[in-house]
Amino acid sequence: MSRRSALRRRVRNSALACLAATALIATVQPAGATTPDRAAGASPSPVNRAFAHAAEKYQVPRDLLVAVGYGETRLDGHDGRPSHANGYGVMHLVSNPERHTLESASALTGRNRHDLRRDTPANIHGGAAVLRALADDQGLDRAERHDLDAWYPVVARYGGAESAPTARLYADTVYDFLADGLSIRTDTGERVRTGAREVTPERGRYADVPSLDDPPSGDARLQSADYPPAQWVPADSSNYADGRSSAITAVVVHVTQGSYAGTINWFQNPDAGVSAHYVVRSSDGQVTQMVRDNDTAWHARSGNAYAVGIEHEGYVDDPSWFTDAMYRSSAALTAHLADRYGIPKDRAHIVGHSEVPGNDHTDPGPNWDWNYYMQLVGGSTGGGTPQLSFSSYDTLGQGDDGSQVKAAQYLLNEGGFDAGAVDGIFGSGTASAVRAFQSDRGLDADGVVGPRTWTALLSTGTTPLLQNGSSGAAVERLQRTLTAALGRTVDADGAFGPNTEDAVRDYQSTRSLGVDGLVGDATWGAMQAGR
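Residues numbered from 1 in each chain as written. Predicted model: local features only at pLDDT ≥ 70, side-chain atom pairs only at ≥ 80, totals over all residues. Heavy atoms only, no water.

What follows covers the overall build of the chain. When helices and strands are tallied, the chain shows 19 helices and 12 strands. Expressed as a percentage of its 531 residues, the buried residues of the chain come to 56%. Counted over contacts in the chain with a minimum sequence separation of 6, partners at least 24 positions apart contribute 64%. On the chain, roughly 20800 Å² of surface is accessible, and the fraction owed to carbon and sulfur atoms is 47%. (Helix = DSSP H or I, 4+ residues; strand = E, 2+ residues; numbered from the N terminus. Buried < 20%, exposed > 50% of the residue type's maximum accessible area, 1.4 Å probe, protein only. Contact = heavy atoms within 4.5 Å. Areas by Shrake-Rupley, 256 points an atom, 1.4 Å probe, with all protein chains shown as cover.)

Here you go:
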């Protein structure tokens, strides 16, 4: 088989190369041309200019630079928000205890870290500078820097993988992108292209490293004992606990906020302090197990003891990562777990990270299609509670949609005000239910869910006496209410500690209540009246 044919086969099978197939399905069209937009007659644009300038300045092949950025983030800077590994921007410049490419980029380019995190052209220059520094460290001379194939060991190091197989997984994917070519539309609508080409990467010390791209073939170390279709790549022992203190009764769905290889690498990092049992790739749904089912992965705080965690490659705010192949593969895994451990196939037991008590994450978010997923699992969409805890509560009105609308609809229904289906769509039925609720609470019946309506909605329920040291669902409900009422985040972890007491005192003071830090009838009454 030719190298080109073998490379094509890897695109179909590789663990990180899934991004190439996903891109072809969702965001990438056939490349066609072998040059960027400029050659196709389009006017230069900021991202293309940044790639061209950075490539020239740091003598990094322009298409290699694009392929690395695409493998990391699909050229989406996510508005400067960090990934799971605390990486930023389209080139995923990282700042964590083990990797400091953000700091290195700042030193190499003279740009401050804020710009490197949030400004895409600066971030691209930072990534190019780091790649060039790694190339110099690798000993690439001027001629080799013009040879795409010679950059393979540099690319493997840029990924920051702790293990050689994961480093090879990362670099192989970048070279798969180079082989096929890319045509990406960025979040600003700009088209970035690379041309397809023959590549024969010079793997160097990675040539004899076992590839995670291929299915297991006789090497038991690479195959999961719990779920035979999965690869086995163990997380670092510092990131999970041996054994369990509870029976397995739930499956928790996560989104990685990063790439497949990056997530595998992060769970192998002893400083991560997090892990999940399984990671699912975007394009073709390949599964890697990293923690045995009967050990306790650290993925969902209060849910760790009793749940199996499944991470899905991608970002919460970008639905293109959630491919049909991913849904089907993940659903098959979840159905297997449910059958093996007697987990009911309903939304009370198959839940999102955001639905586990005491968690402040939002994944899998509003773009995850729970109805379709549960249909594939072979279970029921009933029995689940939508996400209720948020770091802040938006003002909602007719025409809005999303997870906070679902929360409002659920709370209205629970209170006896018929908002209809909890579908996350704020229509006329939801508006009518809001007005009825507001009238019942003596609020302006405008059909808009603002701070006062949120306060009344979130606090609805029993009114037990709560104080420092209390814990449980009522405390979590109190903390959500305080977040809405005060306009600042009060962690909804269900534990009434000093921070919650301070928030209670602030609420009591601003509402002319007795300031004692205790939540009794007067404080509950004020909250339930929307004060």
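Let us look at the packing of helix 5 (residues 101–109) against helix 7 (residues 120–138). At a closest axis distance of 8 Å, the pairing of helix 5 and helix 7 adopts a crossing angle of 90 degrees. Taken together, the axis directions place helix 5 and helix 7 in an arrangement best described as roughly perpendicular. From helix 5, Thr-101, Ser-104, Ala-105, Leu-108 and Thr-109 reach across to helix 7, where they touch His-125, Gly-126, Ala-129, Val-130 and Ala-133. (Axes fitted to C-alpha atoms, helices over the stretch in contact; angles between N-to-C directions. Parallel < 35°, antiparallel > 145°, perpendicular 65-115°, else oblique.)

Tallied over the full model, the rule gives 19 salt bridges. As a salt-bridge pair, Arg-62 and Asp-63 come within 2.9 Å of each other at their nearest N and O atoms. For the pair Arg-62 and Asp-63, a shared accessibility class is recorded, and that class is buried. A salt bridge links Arg-113 to Glu-103, with the shortest nitrogen-to-oxygen separation between them at 3.9 Å. Linking Arg-113 in helix 6 (residues 113–118) with Glu-103 in helix 5, this pair joins segments that are 10 residues apart in sequence. What makes Arg-113 partly exposed here is its relative accessible area of 41%. Note on Glu-103: relative accessible area 18%, which makes it buried. The network of salt bridges with common partners includes Asp-226, Arg-292, Asp-293 and Arg-340. (Salt bridge = Lys/Arg side-chain N within 4 Å of Asp/Glu carboxyl O.)

What follows concerns the nonpolar core. Core analysis: the biggest nonpolar cluster contains 68 residues, and Phe-51, Leu-64, Leu-65, Ile-124, Trp-151 and Tyr-158 have the highest contact counts within it. Excluding anything up to four places from it in sequence, Leu-64 contacts Leu-148, Trp-151, Val-155, Val-174, Tyr-175 and Leu-178. Ile-310, Trp-321, Phe-322 and Tyr-373 belong to the second-largest nonpolar core, a separate cluster that totals 29 residues. (Core = buried A, V, L, I, M, F, W, Y, C linked by side-chain atoms within 4.5 Å.)

Right, let's get into unusual backbone geometry. Only a minority of non-glycine residues have a phi that is not negative, and only a minority of peptide bonds are not trans. Cis geometry marks the peptide bond from Asp-363 to Pro-364; its omega dihedral reads 5 degrees. Phi is positive for Arg-74, close to 60 degrees, though the residue is something other than glycine. One can find Arg-74 in the loop between helix 4 (62–73) and strand 1 (87–88). You will see that Asp-79, though not glycine, has its phi angle at about 55 degrees, which is positive. With respect to the element layout, Asp-79 can be found in the loop between helix 4 and strand 1.

Another point: the sheet that holds strand 7 (residues 250–255). An order of 5-9-8-11-7-12 is seen for the 6 strands of this open sheet, with the pairing classed as mixed. Only two strands of the sheet have a single partner each, and these edge strands are strand 5 (231–232) and strand 12 (350–352). The pairing of strand 8 (residues 278–280) with strand 9 (residues 287–289) spans 3 bridges and is classified as antiparallel. Paired with Val-280 across the strands is Val-287, a residue of strand 9. The sheet strands contacting helix 11 (residues 260–267) are strand 8, strand 9 and strand 11 (307–312), and the helix crosses strand 8 at an angle near 165 degrees. The sheet contacts of helix 13 (residues 370–377) involve strand 7 and strand 12, and relative to strand 12 the element is tilted by about 155 degrees. (Pairing = 2+ DSSP bridges.)

An α-helix turns once per 3.6 residues; consequently, residues spaced three or four apart project the same way. Among all positions of helix 5, only Thr-101, Leu-102, Glu-103, Ala-105, Ser-106 and Thr-109 are buried. One or two steps after helix 5, the chain reaches Gly-110, where phi turns positive at roughly 80 degrees.

Where burial is concerned, most of helix 11 is hidden: 7 out of the 8 residues are buried. Residues Tyr-260, Ala-261, Thr-263, Ile-264, Asn-265, Trp-266 and Phe-267 constitute the buried set of helix 11. On its buried face, helix 11 sits against helix 10 (164–180), strand 8, strand 9 and strand 11. Two to three positions downstream of the cap, the backbone nitrogen of Gly-262 sits 3.0 Å from a side-chain oxygen, assigning the N-cap of helix 11 to Ser-259. (Polar contact = N/O pair within 3.5 Å; in protein donor to acceptor, adjacent residues only side chain to side chain.)

Counting buried positions over the 6 residues of strand 11 gives 6, a clear majority of the element. Where strand 7 and strand 11 come together, 6 bridges link them in parallel fashion. Across the sheet, His-254 pairs through a bridge with Glu-311, a residue of strand 11. Relative to strand 11, strand 8 is paired through 3 bridges, and the arrangement is parallel. Across the sheet, Tyr-278 pairs through a bridge with Ile-310, a residue of strand 11.

To continue, consider the confidence of the model for the chain. Low pLDDT means the predicted coordinates in that region are not meant to be read closely. Residues at a pLDDT of 70 or more form 89% of the chain, whose mean pLDDT is 87. Overall, residues 1–43 carries pLDDT values under 50, and its contacts beyond four positions in sequence, including any with other chains, amount to 106 contacts. Note on residues 216–221: pLDDT is under 50 here. Beyond four places in sequence and across chains, it has 4 contacts. (pLDDT = per-residue confidence, 0-100.)

Moving on: the pairing of strand 7. A large share of strand 7 lies buried, amounting to 6 of its 6 residues. What you see with strand 7 is no split at all: Ala-250, Val-252 and His-254 on one side and Val-251, Val-253 and Val-255 on the other are buried throughout. Sheet analysis places strand 7 next to strand 12, joined by 3 bridges and oriented parallel. Along strand 12, the bridge assignment pairs Val-253 with Gly-352.

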